[in-house]
Amino acid sequence: MAIKSGLPFLPNEGIIFLDNCAFNRDDYIFTNIERKYHSPAYLKKEIVRLTSLKTQLSVMDNWCTIKEVIEEFIDGNRTFNYKIKSSNCIQREKALKNLLEQRKETLQILNQEHVIADNSIVNELEDIIKEITPQIEQKFNMREGKTNKKRTDIKLISLALAYARQDYSFIFSQDQALLKTFSDCARDLYLYPKTYVISDRFKTPIPTQSYNEVLRRVRENPNTHKTQPISQFHLS
């Protein structure tokens, strides 16, 4: 039986800003055993999902990321090489090699110059980012978000919110602190009409003004995504 990719719907309007963990399926979907041991079945689902995401991105032109995210992705590939060498299970090692191969092909797409965004993505964006970044960083820290020395998460949220001043802006991530910060700051900066979150735990993009309520429903019923797909996506 074919394995479904589990990917949420990706819109073809606005711009989708990709976080590094968008390339991994949200762990909450898997059972504790699959999460703990990264079984071959777990890895096979990861391969199917990443292959599907890579295929979709290769034919879409409304997505981007930042160089810090790509650097994190490359670091992840190095980790996979270590996992392959230390694996004591032939099936797991084979699955890891297949997944790493898909990641290398995905990296080729990520390394395209036109998908690497910076502060020049739209006019006057740099000034907007300087204005809103302190507020975003404060909110992110309040949410106990974990970022690195390069402040990757802060930069991604700032860029996505600054872009929302002009057009629809989506962040695709599995990091709940990041998505919560993006949602809260979209409210504080009056950017709700053009901001959406994308995550594996939802079938479609969720408007940031609905994020808290939708997330509460998912937490109360972790099987919501299996029994009652959440479909709130609409561009206002």
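Please read all numbers here as calculations on a predicted model, not as lab measurements.

Calculation criteria
- Residues numbered from 1 in each chain as written.
- Predicted model: local features only at pLDDT ≥ 70, side-chain atom pairs only at ≥ 80, totals over all residues.
- Heavy atoms only, no water.
- Helix = DSSP H or I, 4+ residues; strand = E, 2+ residues; numbered from the N terminus.
- Contact = heavy atoms within 4.5 Å.
- Buried < 20%, exposed > 50% of the residue type's maximum accessible area, 1.4 Å probe, protein only.
- Pairing = 2+ DSSP bridges.
- Core = buried A, V, L, I, M, F, W, Y, C linked by side-chain atoms within 4.5 Å.
- pLDDT = per-residue confidence, 0-100.
- Right-handed = clockwise from strand over helix to strand, strands pointing away.
- Patch = residues over 30% accessible without salt bridge, like charges linked within 9 Å, V, L, I, M, F, W, Y side chains within 5 Å.
- Areas by Shrake-Rupley, 256 points an atom, 1.4 Å probe, with all protein chains shown as cover.
- Salt bridge = Lys/Arg side-chain N within 4 Å of Asp/Glu carboxyl O.
- Lys, Arg positive; Asp, Glu negative; His and termini not counted.
- Charge placed at Lys NZ, Arg CZ, Asp CG, Glu CD.

Thoughts on the side chain of Lys 54
- With respect to the element layout, Lys 54 can be found in helix 2 (residues 40-58).
- Look past the residues within four positions of Lys 54 in its chain and what remains in contact with it is Gln 102, Glu 105, Thr 106 and Ile 109.

Here's the deal with the pairing of strand 1 (residues 15-18)
- Residue alternation in strand 1 divides its side chains into two sets, Ile 15 and Phe 17 and Ile 16 and Leu 18, and both sets are buried.
- Sheet analysis places strand 1 next to strand 3 (residues 169-172), joined by 4 bridges and oriented parallel. Bridged to Ile 16 within strand 3 is Phe 170.
- Pairing analysis gives 2 bridges linking strand 1 to strand 2 (residues 63-64), with the strands arranged parallel. Paired with Phe 17 across the two strands is Cys 64, which belongs to strand 2.

Thoughts on the nonpolar core
- Counting residues in hydrophobic clusters, the biggest one holds 37 residues, and the most contacted among them are Phe 17, Ile 157, Leu 161, Ile 171 and Phe 202.
- Counting residues per element, this core draws most heavily on helix 6 (residues 152-163), which supplies 8 residues.
- Residues Met 60, Val 115, Phe 172 and Ile 198 belong to the second largest nonpolar core, which totals 31 residues.

Digging into the confidence of the model for the chain
- Confidence in the prediction of the chain, expressed as mean pLDDT, is 85, and 83% of residues score 70 or more.
- Considering each helix and strand of the chain separately, the mean pLDDT is smallest for helix 9 (residues 224-227), with a value of 51, and largest for strand 3, with 98.

Notes on the pairing of strand 4 (residues 195-198)
- Alternating residues of strand 4 divide into Thr 195 and Val 197 and Tyr 196 and Ile 198, and every residue in both groups is buried.
- Bridge count for strand 3 against strand 4 is 4 bridges, and the pairing is parallel. Paired with Phe 172 across the two strands is Ile 198, which belongs to strand 4.
- As for the winding sense of the linkage, the β-α-β connection from strand 3 through helix 7 (residues 176-188) to strand 4 is right-handed.
- In this structure, strand 4 lies alongside strand 5 (residues 206-207), joined through 2 bridges in antiparallel fashion. Among the inter-strand pairings, Tyr 196 is bridged to a residue of strand 5, identified as Pro 207.

Notes on the sheet that holds strand 1
- The 5 strands are arranged 2-1-3-4-5 in an open sheet whose pairing can be described as mixed. The open sheet has two free edges, formed respectively by strand 2 and strand 5, since each of these has just one partner strand.

Let's talk about a negative patch on the surface
- The grouping of Asp 118, Glu 126, Asp 127 and Glu 131 at the surface amounts to a negative patch.
- In this fold, Glu 126 is placed in helix 5 (residues 125-142).
- On the basis of relative accessibility, which here comes to 41%, the residue Glu 126 falls in the partly exposed class.

Some remarks on the pattern of salt bridges
- Overall, the coordinates contain 13 salt bridges when judged by the stated rule.
- Linking Arg 151 and Glu 137 is a salt bridge whose minimum nitrogen-to-oxygen distance equals 2.7 Å. Linking Arg 151 in the loop between helix 5 and helix 6 with Glu 137 in helix 5, this pair joins segments that are 14 residues apart in sequence.
- Take Arg 151: its relative accessible area is 27%, and that puts it in the partly exposed class.
- Across the pair Asp 184 and Arg 187 runs a salt bridge, and its minimum N-O distance is 3.8 Å. Taken as a pair, Asp 184 and Arg 187 lie in helix 7 at a separation of 3 residues, close to a single helical turn.
- A relative accessible area of 1% means that Asp 184 is categorised as buried.
- Judged by its relative accessible area of 35%, Arg 187 is partly exposed.
- Sharing partners across several salt bridges, the network here consists of Lys 139, Lys 180, Asp 184, Arg 187 and Asp 188.

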